[in-house]
Amino acid sequence: MTFAMGLVEREAFLAEARFGVLSVAQEDGVATLAVPIWYAFTPGREVVIHTHRRSRKAHLIRTTGRFGICVQADTSPVRYVSVEGPVTCESDVEPAAREAMAHRYLPPHMARAYLEATAEQQVGVSVAFHMRPTRWRTANYGAMSLDPSS
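Residues numbered from 1 in each chain as written. Predicted model: local features only at pLDDT ≥ 70, side-chain atom pairs only at ≥ 80, totals over all residues. Heavy atoms only, no water.

A.B. asks: Sorry if this is basic, but what is going on with the overall build of the protein chain here?
C.D. replies: Scanning the protein chain from terminus to terminus reveals four helices and eight strands. Along the chain direction, N to C, the helices and strands of the protein chain fall in the order α-β-β-β-β-α-β-β-α-α-β-β. Overall, the C-alpha framework of the protein chain stretches about 60 × 40 × 25 Å when taken along its three principal axes. Relative to its 150 residues, the protein chain shows a buried fraction of 35%. Restricting the contact set of the protein chain to residue pairs at least 6 apart, pairs at least 24 apart contribute 70%. (Helix = DSSP H or I, 4+ residues; strand = E, 2+ residues; numbered from the N terminus. Buried < 20%, exposed > 50% of the residue type's maximum accessible area, 1.4 Å probe, protein only. Contact = heavy atoms within 4.5 Å.)

A.B. asks: Would you explain the packing of aromatic side chains in this entry?
C.D. replies: Counted under the stated rule, the structure contains six aromatic pairs. Here tryptophan 38 and tyrosine 105 contribute two aromatic rings whose centre-to-centre distance is 5.1 Å and whose plane-to-plane angle is 5°, an arrangement assigned as stacked. Taken together, the positions of tryptophan 38 in the loop between strand S2 (32-37) and strand S3 (39-41) and tyrosine 105 in helix H3 (residues 95-105) put the pair 67 residues apart, joining distant regions of the chain. Overall, the relative accessible area of 11% leaves tyrosine 105 in the buried class. For the ring pair phenylalanine 41 and tryptophan 136, a centre distance of 6.3 Å and an interplane angle of 75° mean the geometry is edge-to-face. Taken as a pair, phenylalanine 41 in strand S3 and tryptophan 136 in strand S8 (residues 135-140) lie far apart in primary sequence, 95 residues in all. Grouping residues by exposure puts phenylalanine 41 and tryptophan 136 together as buried. Over the ring of phenylalanine 13 we find arginine 18, and its NZ or CZ is 3.9 Å from the ring centre. Lying over the aromatic face of tyrosine 39, arginine 104 brings its terminal NZ or CZ to 5.0 Å of the ring centre. (Phe/Tyr/Trp six-rings, centres within 6.5 Å; stacked < 30°, edge-to-face > 60°. Lys NZ or Arg CZ within 6 Å of the ring centre and 35° of its normal.)

A.B. asks: Sorry if this is basic, but what is going on with the environment of arginine 10 here?
C.D. replies: Within the fold, arginine 10 resides in helix H1 (residues 7-15). For arginine 10, the residues in contact, after removing those within four places along its chain, are Met5, Val81, Trp136 and Thr138.

A.B. asks: What is the right way to look at the pairing of strand S7 (residues 126-131) in this model?
C.D. replies: Along any regular strand, the residues point their side chains to alternate faces of the sheet. In terms of burial, S7 is a largely internal element, six of the six residues being buried. Here S7 shows two buried faces, one formed by Ser126, Ala128 and His130 and the other by Val127, Phe129 and Met131. Bridge count between strand S4 (residues 47-52) and S7: six bridges; the pairing is antiparallel. Pairing of isoleucine 49 across the sheet is with phenylalanine 129, part of S7. Taken together, the five bridges between strand S6 (residues 79-92) and S7 define a ladder with antiparallel strand orientation. Looking at S7, one finds that cysteine 89 is bridged to histidine 130. (Pairing = 2+ DSSP bridges.)

A.B. asks: Sorry, what's going on with the pattern of salt bridges here?
C.D. replies: A side chain of one charge can pair with a side chain of the opposite charge when the charged atoms of the two come close. Scanning the entire structure with this criterion turns up seven salt bridges. Between arginine 62 and glutamate 90 there is a salt bridge, with the nearest N and O atoms lying 2.9 Å from each other. With arginine 62 in helix H2 (residues 56-64) and glutamate 90 in strand S6, this pair connects stretches of sequence that are 28 residues apart. Taking relative accessible area as the criterion, arginine 62 reaches 37% and is therefore assigned partly exposed. The salt bridge partner of glutamate 84 is arginine 66, with a shortest N-O separation of 3.8 Å. (Salt bridge = Lys/Arg side-chain N within 4 Å of Asp/Glu carboxyl O.)

A.B. asks: Could you clarify how one ought to interpret the nonpolar core in this entry?
C.D. replies: Side chains of a nonpolar character, in soluble globular proteins, are inclined to be buried together. With 26 residues, the main nonpolar core has Leu14, Tyr39, Val47, Ile49 and Phe67 as its most contacted residues. Ignoring any residue separated from it by four or fewer positions in sequence, one finds isoleucine 49 in contact with Leu22, Ile37, Trp38, Tyr39, Ile61, Phe67, Ile69, Val127, Ala128 and Phe129. (Core = buried A, V, L, I, M, F, W, Y, C linked by side-chain atoms within 4.5 Å.)

What follows is the structure in structure tokens.
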């Protein structure tokens, strides 16, 4: 029995609003930076993250030219999608994309408060990295039958 997700299932899972864990190699080639992050994904497209232009994350992503992200279900059974790949684009974060990201992860009243509190990051401070997934690792243990008679 395989627990790997097919293309449609894994892309739909990744497209849901889940917190991701960003992973990127450090300069020494041994250590890895792994931090929680908001992300956006549309099936068939690229993973997009936003971060401060001068953050450690941004520096390492520029240095390596790639990153990975892992997302998981918050409840049992275990389900996760992990993707990695090359950065295809680095750009300023457009105001509409910043607002959409806040509303993806926060209830409307909290999204508005967050956007107001971080308004100084609106232009020129945040950067978007786009990554084309080239390697997928997935599992859906919910596919396992829990009925002992089957």
